[in-house]
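Letter by letter, the chains look like this.
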Amino acid sequence: NKKSKGKIPFFLLIFSYLLRPLSKRKGVFCFVAPHKKPWGCNLEAYFLSLQERQVSRSIYILNFGTTPNKAIINETSQLDTDVTVIDRTDTWQLFKCVCLSEIFFMGDYSSNWLPGKKINLWHGIPLKKIGVLERPKYKKLAKRFKNVISAASKMDQSNMSQAFNMSLERVLPCGLPRHDWIAGDLKLPIRFNQQLDDLDNALVGRKLILYAPTFRDKNRNGLTLSNSQLKKWSNYLQQEGYVLGMRLHTRSGVQLNFNELGVLDLSSEKFNHIEAIYRKTEILVTDYSSVSIDFMLTNKEIIGLDPSGDIYDRGFIGDFNLLFPGCFFNEFDLFLDYLKKIVQRPQSTETSFDYSFQRRLFLGDYDNDACEKLTYTLFSLSSKR
């Protein structure tokens, strides 16, 4: 991927490969922000975990993403670790990084050209089949993916193994680092806390119901609910002291007038850490998004909603009705009636939920310690080689 390589000359790249056996230093790690994506998610969570435990003596952050270098530098300057943030156009720093780093932690596989050990901290746990499983050109790319990848459970391990044509031994079911932000005691980034303050100011003491639908395979500019349905929903919640917040998928092209609808805009441009939103959310409403899996860690209610009938052609990793952690509705009015019962009688047995089966299936034996487990497993593997 030429774009992800920045401006490092080809001969210098070859030279860095040749120097690595002599120059590589133990305990020097590089975190590679994915191309065209913000710095955050599992990468940042695990970065903070290593810093907190003082595992690494030196860390590079190779910024191929959309977060400005200045923003990352501002946060990392507060830490007690030697951190160097590298722009993808900085040839000399990139050369040093390639020569010195013992391990590269990545958020996708676009930077597979980097040498040495690569640990892929994948973005989440899919309900839908992963595109790599479906498209021949991606399958061919996946064959070159010789890294180690993190997974949340045994089932997730099997799915990732198939998606990336990797042996099960290369997929580590230790949990996802960002889950320690939701349910663990992992230190939060500075801007994470700022976003919590911003959300509090927007809520003004009201309770939040989060609507987070995923993108459509065929119609990414479409939404399963009409404006009139969204307006009806938000008007009811306002009467009950709630607010409807909406977070569209980053790949969705839907355009909405949030103020006119009475809906709070929780898009990634305003709140790039969805984990901050989870902390303030009373009920999650979604369709086929994997946010339902993450939200199980909060032990709060999850409701499914999709009146469109537009089921994904690619299919799901199993029986969706069995896998989804909550009640799922295909009619808006039935959904709204159910939601009213929860709002008006939150302790009613009529609306009680139990997704312990789905939690064991998707999250395994997660116990607020994904970062610790991953570190132990990685360094145990290194010591055996």
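Residues numbered from 1 in each chain as written. Predicted model: local features only at pLDDT ≥ 70, side-chain atom pairs only at ≥ 80, totals over all residues. Heavy atoms only, no water.

Some remarks on helix H7 (residues 154–163)
Looking only at H7, the buried set comprises Asp-156, Gln-157, Asn-159, Met-160, Ser-161 and Ala-163. One or two residues past the end of H7 sits Asn-165, with phi positive at roughly 50 degrees. (Buried < 20%, exposed > 50% of the residue type's maximum accessible area, 1.4 Å probe, protein only. Helix = DSSP H or I, 4+ residues; strand = E, 2+ residues; numbered from the N terminus.)

Observations regarding the side chain of Glu-75
If you trace the backbone, Glu-75 turns up in helix H3 (residues 69–76). Every residue in contact with Glu-75, bar those within four places of it in the chain, is listed here: Glu-44, Pro-189, Ile-190 and Arg-191. (Contact = heavy atoms within 4.5 Å.)

Here we look at the packing of aromatic side chains
In total, this model carries 25 aromatic pairs according to the counting rule given. Taking 6.5 Å as the distance between ring centres and 85 degrees as the angle between the ring planes, the aromatic pair formed by Phe-31 and Trp-39 counts as edge-to-face. The side chain of Lys-340 reaches across the aromatic face of Tyr-236, ending 5.2 Å from its centre. (Phe/Tyr/Trp six-rings, centres within 6.5 Å; stacked < 30°, edge-to-face > 60°. Lys NZ or Arg CZ within 6 Å of the ring centre and 35° of its normal.)

Side note on the nonpolar core
The nonpolar side chains of a soluble globular protein tend to be buried, and buried together. Counting 35 residues, the largest nonpolar core has Leu-199, Leu-266, Ile-277, Phe-362 and Leu-363 as the members making the most contacts within it. Within the residue set of this core, elements represented by two or more residues are helix H9 (190–203), strand E8 (207–211), helix H12 (274–280), helix H13 (291–295), helix H14 (320–323) and helix H16 (356–363). In contact with Leu-266, not counting residues within four places along its chain, are Leu-199, Leu-208, Leu-210, Gly-245, Met-246, Arg-247, Phe-271 and Ile-277. Counting 32 residues, the second largest nonpolar core, distinct from the first, contains Phe-29, Val-85, Phe-105 and Ile-119. (Core = buried A, V, L, I, M, F, W, Y, C linked by side-chain atoms within 4.5 Å.)

Quick notes on the packing of helix H1 (residues 10–23) against helix H4 (residues 91–100)
Between H1 and H4, whose axes approach to 7 Å, the crossing angle comes to 40 degrees. In terms of orientation, H1 lies oblique with respect to H4. Classified by chirality, the crossing of H4 by H1 is right-handed. The segment H1 lies against H4, with Leu-12, Phe-15, Ser-16, Leu-19, Arg-20 and Ser-23 engaging Thr-91, Phe-95, Val-98, Cys-99 and Leu-100. For the contact of H1 with H4, a count of residues per class yields seven nonpolar, three polar and one charged. (Axes fitted to C-alpha atoms, helices over the stretch in contact; angles between N-to-C directions. Parallel < 35°, antiparallel > 145°, perpendicular 65-115°, else oblique. Left-handed = near helix turned anticlockwise from the far one by under 90°. Nonpolar A, V, L, I, M, F, W, Y, C, P; charged D, E, K, R; others polar.)

Some points on the sheet that holds strand E4 (residues 103–106)
Overall, parallel pairing links the seven strands, which are arranged E3-E2-E1-E4-E5-E6-E7 in an open sheet. Since the sheet does not close on itself, it has two edges, and those belong to strand E3 (82–87) and strand E7 (171–172), each with one partner. Bridge count for strand E1 (residues 28–33) against E4 is four bridges, and the pairing is parallel. The residue bridging Val-32 from the neighbouring strand is Met-106, located in E4. Here H3 sits on the sheet and contacts strand E2 (58–63) and E3; the angle it forms with E3, its principal contact strand, is near 180 degrees. Against the sheet, H4 makes contact with E1, E2, E3 and E4, and its axis sits at roughly 130 degrees relative to E2, the strand it touches most. (Pairing = 2+ DSSP bridges.)

Here we look at the confidence of the model for the protein chain
Overall, the predicted model of the protein chain reaches an average pLDDT of 85, with 89% of residues at or above 70. Looking at the elements of the protein chain, mean pLDDT is at its lowest for helix H6 (residues 136–142), recorded as 54, and at its highest for E8, recorded as 97. Every residue in residues 1–6 is under pLDDT 50, and counting partners more than four places away or in other chains gives twelve contacts. (pLDDT = per-residue confidence, 0-100.)

Comments concerning the packing of helix H10 (residues 227–239) against helix H15 (residues 332–344)
For any two helices packed against each other, one specifies the crossing angle of their axes together with the interaxial distance. Running from N to C, H10 and H15 cross one another at 10 degrees; their axes reach a closest spacing of 12 Å. With respect to H15, the axis of H10 lies roughly parallel. For the pair formed by H10 and H15, the contact residues are Gln-229, Lys-232, Trp-233, Tyr-236 and Leu-237 on the first element and Phe-332, Asp-333, Phe-335, Leu-336, Leu-339, Lys-340, Val-343 and Gln-344 on the second. Across the contact of H10 with H15, the residue classes break down as eight nonpolar, two polar and three charged.

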